[in-house]
2 protein chains.
Amino acid sequence: MTDSTNAAPASGSIRADVQLSPMQVPKASDVLADDLRERILRGDFPEGTALPPERELVAQTRMSRTTVREALRILEVQGLVQIRTGRSGGAFVKRPGEESIASTVSLLIRGRQVRLAALLETREAVEPACAQLAAKYRTDADLVALDRANDAIALEGPLADFLQANVDWHVAVAVASHNELLTGFMGALSRAIYAATDNQGFINAEVRKTTLQAHRNITEAIRKRDVAAAGRRMTKHVHEYASAVLEVEDRTAIDVPGD
Amino acid sequence: MTDSTNAAPASGSIRADVQLSPMQVPKASDVLADDLRERILRGDFPEGTALPPERELVAQTRMSRTTVREALRILEVQGLVQIRTGRSGGAFVKRPGEESIASTVSLLIRGRQVRLAALLETREAVEPACAQLAAKYRTDADLVALDRANDAIALEGPLADFLQANVDWHVAVAVASHNELLTGFMGALSRAIYAATDNQGFINAEVRKTTLQAHRNITEAIRKRDVAAAGRRMTKHVHEYASAVLEVEDRTAIDVPGD
DNA sequence: CTGTTAGTTTGGGTACGACCAAATGAGCGG
DNA sequence: CCGCTCATTTGGTCGTACCCAAACTAACAG
C-alpha cells in the first residue's frame, strides 16, 4: 500500500493522510434498477400501474436517457415490468409469474446441457409431491383441465400431439397443486423432457396405452382427494417412464456409439 | 396467400396488389439478443471466451451501439454473459448456474408475497427427495460440508448464526444431491424461509436441540447411503419444523390481529 | 539493470441530441 | 353520430462525443 510514515506536516501545504480501501463503483443503471426493483417488490406500485415515462425519470434522476432505459430493460428481463410502446405506453409494473421461473430453468437446462437422466431424476423427485398437493387442493376447474388432457392423449393422433398432451397433463397436475413455485419449475421440466424425448422413438402404442391408464388412475386419486394414492401412483408412473426412456437411451447409445 | 385475380397490367405504372397480414416487428435489440443467446446455448462459444467488443458488433451487425449494448445487457441479466470493463474486457460467455434459478425464485417469492405456509409446503415437497438423492450420490466432500454446518449449529451462538448455519446445512444437503436444478431451487427456498423465520421468535434452546439432533440423524443416513432413512427422516424433520413455525405464526396472528 | 512512472491503447459506461415508429386521443368533416 | 385525419405522447434506434477503467509500453531515474 502507500506508506504510513508521513505524519510530519513540513512547511507549505499539508497533504491529508487518508487510508482508503478499494471501493466499488456500481453502475448507474444498476443503481436505478435496484432502487426501482426494491420499490416494486415492496409493493409501492400496485400491479399494472405505469412507472413514469423515460424522459420523466431522466428529469427526476438527472441520469441520461440511456441509463434510464438500461435500468428499465433490466427490470423487464427480470419480469418485473412490461414495457409497451405508443401513447399511454410505458413500463407497467408486473409481478413475476411462473413463466419467469420456467424460462430461467430452461436456460439452465440448455446452457448446462443437463442430461436427460438428471431431468427424469428431478421429475421423480418433485412430481409425486405435486400430485399429493394437487389431491389436497384441486378445484373442479383443475379436474376439467386434467380430463381434457387425458382425452387428448386417448386420441391416437400423431406423435407430436401425444407428447404435447402428455406435457399438458403433467402441467395440469402442477397447476392443480396451486403452488406457483412448483408450477413454474415443473412446467419447464416437463417441456425440457418433452423436447429431449421427442425423436427418441420409443413411444409406441403400448407406451401410449400404459401412459393413458396411469394418468387416469392418478387423475382419479386427485379427484377423490386421495393424497396417498396420488403420491404413490405418480411415483410409480414417473419411475416407470424414466426407466423406459433410459433403457431406450442406453440401447440407442450402443447402436450409435460415435454419437 | 396473396390473391390471384390481378394479372392485368393496365397502362402506366403498375401497383402491386398485395395483401399483408398485420406483422409484428420485433425489437432490434431482442433480435440480436436472441441470436447471441442461441449461439451461446448451442455451445458455439466455449465458456469464458469473450464476445467481440461492442464496437466490433456494431460494425458486424450495422446496428447502433445502443442496440448492441441493450442486447448484451439482456444476456447479462439472464446470466449468459459476464461483462467486464477495461482493456481486455468485454462480454464473457458464462453458463447460467444455480444462482440464476435462485435469484429468479427469490424475485417471485418476494414479488408474489408467497406466504410462509406455501414456502414450508414447497420445502416439504422437495427436500425429502433431495435427501434421498444426497444419500445416493454424496461424496466425502459433501459430508465434510454437512458436518461443518452441524458443528456451527451446535455452537449456541446468537440467533442469526444459528439460522445461517441452519440454511447452510439445508443447502449442503441440496448440493450433495448433485442436481443443479434442485440445488438452485432449494437454495432460494431455504434463504426465503430463513428470512421469513427470522424475527419470528420461536427459536429457543429446545428447538435448537431438536433441530441439531434431526440434522445429525439425517446426516448419518446420508453418510451410510441409506436412501430410505434419509428420505423418511427428512420428511419428518421438515414437517415438524413447518408445524412448529405455523403454530407460532397462528399464535402471533391472534396476538396482533391488526397487523 | 531495475523499478517506477507517465503515457497510450483498448475496452465498456454515460451523456446528448435527433429522429423514427406505434398507439392514442382530439378535432374536424360528412 | 360516425369515421377519418392529424397532432401528441411515449418507447425504439441512431450517431457522436466524451469519460473511466484496465492493461500494456516506453521512458526516465536510480
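Note that this is a predicted model, so its numbers are computed, not measured.

## As for the interface of chain A and chain B
When the parts of a complex come together, some accessible area is lost, and that lost area is often used as the size of the interface.
Argument step 1. The interface is formed by 44 residues belonging to chain A together with 44 residues belonging to chain B.
Argument step 2. Close ionic contact of Arg73 of chain B with Glu70 of chain A constitutes a salt bridge, the shortest N to O distance being 2.3 Å.
Argument step 3. In this assembly, chain A and chain B are joined by 21 residue pairs in polar contact (both at pLDDT 80 or more).
Argument step 4. Breaking the side of chain A that touches chain B down by element, the ones donating at least two residues are α1 (28-42), α3 (65-77), α4 (98-111), α5 (116-137) and α8 (180-197) of chain A.
Argument step 5. It is α4 of chain A that provides the largest number of residues to the side of chain A that touches chain B, a total of 10 residues.
Argument step 6. Class assignment for the residues of the side of chain A that touches chain B results in 22 nonpolar, eight polar and 14 charged.

## Considering the protein's contact with DNA strand C
Argument step 1. Neighbouring DNA strand C are 25 residues, the closest being Ala28, Ser64, Thr67 and Arg87 of chain A together with Arg55 of chain B.
Argument step 2. A distance of 2.8 Å separates a base nitrogen of DNA strand C from a polar side-chain atom of Arg55 of chain B.
Argument step 3. Residues of the surface near DNA strand C, tallied by class, amount to four nonpolar, 10 polar and 11 charged.

## Section: the protein's contact with DNA strand D
Argument step 1. The environment of DNA strand D is made up of 26 residues, and the closest members are Arg55, Arg65 and Arg69 of chain A together with Ala28 and Thr67 of chain B.
Argument step 2. If you look at DNA strand D and keep only atoms within 4 Å of the protein, 61% of those are sugar or phosphate atoms.
Argument step 3. Note that a phosphate oxygen of DNA strand D is positioned 2.5 Å from one of the backbone N or O atoms of Ala28 of chain B.
Argument step 4. Taking Arg87 of chain B, its side chain carries an N or O atom lying 3.4 Å from a sugar or linking oxygen of DNA strand D.
Argument step 5. Across the surface near DNA strand D, the residue classes break down as four nonpolar, 11 polar and 11 charged.

## Focus on the pattern of salt bridges
Argument step 1. Enumeration according to the criterion identifies 32 salt bridges over all chains in this entry.
Argument step 2. Ionic pairing is found between Glu70 of chain A and Arg69 of chain B, a salt bridge with its closest N-O pair at 3.0 Å. Residue Glu70 of chain A is located in helix α3, and its partner Arg69 of chain B is located in helix α3 (residues 65-77); the two belong to separate chains.
Argument step 3. Classification of Glu70 of chain A as buried rests on a relative accessible area of 7%.
Argument step 4. Measuring nitrogen to oxygen at the nearest pair gives 2.2 Å for the salt bridge that ties Glu180 of chain A to Arg112 of chain B. With Glu180 of chain A in helix α8 and Arg112 of chain B in the loop between α4 (98-111) and α5 (116-137), the pair connects residues from two separate chains.
Argument step 5. The network of salt bridges with common partners includes Lys27 and Glu70 of chain A together with Glu54, Arg65, Arg69, Arg73 and Glu76 of chain B.

## Digging into the environment of Gln113 of chain A
Residues and elements named next belong to chain A.
Argument step 1. Relative to the helices and strands, Gln113 is located in the loop between α4 and α5.
Argument step 2. Here Gln113 falls in the exposed class, since its relative accessible area comes to 56%.
Argument step 3. Through-space distance from the C-alpha of Gln113 to that of Ser177 is 28 Å; in sequence the pair is 64 residues apart.

## Describing the relation of the copies chain A and chain B
Related by rotation about an axis and a shift along that axis, the two copies of the chain form a pair.
Argument step 1. Turning chain A through 180° and shifting it by 0.0 Å along the axis lays it on chain B, with an RMSD of 0.1 Å. Such a combination of turn and shift is consistent with a two-fold rotation axis. Every residue of chain A has its C-alpha some distance from the rotation axis, and the shortest such distance is that of Val126 of chain A, at 2.9 Å.
Argument step 2. Of all interface residues in chain A, 100% are interface residues in chain B too; the two copies therefore contact each other through one and the same surface.

## Considerations on helix α1 (residues 28-42) of chain B
Argument step 1. With 15 residues, α1 of chain B extends 21 Å from end C-alpha to end C-alpha; this agrees with the ideal 21 Å at 1.5 Å per step.
Argument step 2. Looking only at α1 of chain B, the buried set comprises Ser29, Leu32, Ala33, Leu36, Arg37, Ile40 and Leu41 of chain B. Relative to the axis of α1 of chain B, the buried residues are bounded by an arc of 155° and lie together on one face.
Argument step 3. The elements touched by buried residues of α1 of chain B are α3 and α4 of chain A together with α3, β1 (81-84) and β2 (90-93) of chain B.
Argument step 4. Gly43 of chain B sits one or two positions beyond α1 of chain B and adopts a positive phi of about 90°.

## Details of the packing of aromatic side chains
Argument step 1. All told, the structure shown has one aromatic pair over all chains when counted by the stated rule.
Argument step 2. A centroid spacing of 4.6 Å and a plane angle of 35° characterise the contact between Phe185 of chain A and Phe185 of chain B, whose relative ring orientation is tilted. Residue Phe185 of chain A is found in helix α8, and its partner Phe185 of chain B is found in helix α8 (residues 180-197); the two belong to separate chains. Each member of the pair, Phe185 of chain A as well as Phe185 of chain B, is classed as buried.
Argument step 3. Against the face of Phe92 of chain B rests Arg84 of chain B, its NZ or CZ located 4.0 Å from the ring centre.

## Some details on the packing of helix α2 (residues 54-61) of chain A against α3 of chain A
Residue and element names in this part refer to chain A.
Argument step 1. For the pair α2 and α3, the least separation of the axes is 9 Å and the interaxial angle reads 115°. Looking at the two axes, α2 sits roughly perpendicular to α3. Note on packing geometry: the crossing formed by α2 with α3 is right-handed. Within the contact between the two elements, α2 uses Glu54, Arg55, Leu57, Val58 and Thr61 and α3 uses Arg65, Val68, Arg69 and Leu72.

## Digging into the domain arrangement of chain A
Argument step 1. Examined at the domain level, chain A breaks down into domain 1 (28-93) and domain 2 (99-255).
Argument step 2. Between domain 1 of chain A and domain 2 of chain A, the C-alpha centre-to-centre distance is 38 Å.

## Remarks on the confidence of the model for chain A
Argument step 1. Looking at chain A as a whole, the pLDDT averages 87, with 86% of positions reaching at least 70.
Argument step 2. Confidence, read as mean pLDDT per element, is least for helix α10 (residues 227-255) of chain A in chain A (86) and greatest for α3 of chain A (97).

Conventions we followed
- Residues numbered from 1 in each chain as written.
- Chains lettered and ligands numbered in written order.
- Predicted model: local features only at pLDDT ≥ 70, side-chain atom pairs only at ≥ 80, totals over all residues.
- Heavy atoms only, no water.
- Contact = heavy atoms within 4.5 Å.
- Salt bridge = Lys/Arg side-chain N within 4 Å of Asp/Glu carboxyl O.
- Polar contact = N/O pair within 3.5 Å; in protein donor to acceptor, adjacent residues only side chain to side chain.
- Helix = DSSP H or I, 4+ residues; strand = E, 2+ residues; numbered from the N terminus.
- Nonpolar A, V, L, I, M, F, W, Y, C, P; charged D, E, K, R; others polar.
- Near = heavy atom within 4 Å.
- Buried < 20%, exposed > 50% of the residue type's maximum accessible area, 1.4 Å probe, protein only.
- Least-squares fit on C-alpha atoms with pLDDT ≥ 70 in both.
- Expected span 1.5 Å × (residues − 1).
- Arc of directions from axis to C-beta.
- Phe/Tyr/Trp six-rings, centres within 6.5 Å; stacked < 30°, edge-to-face > 60°.
- Lys NZ or Arg CZ within 6 Å of the ring centre and 35° of its normal.
- Axes fitted to C-alpha atoms, helices over the stretch in contact; angles between N-to-C directions.
- Parallel < 35°, antiparallel > 145°, perpendicular 65-115°, else oblique.
- Left-handed = near helix turned anticlockwise from the far one by under 90°.
- Domains from an automatic or database assignment.
- pLDDT = per-residue confidence, 0-100.

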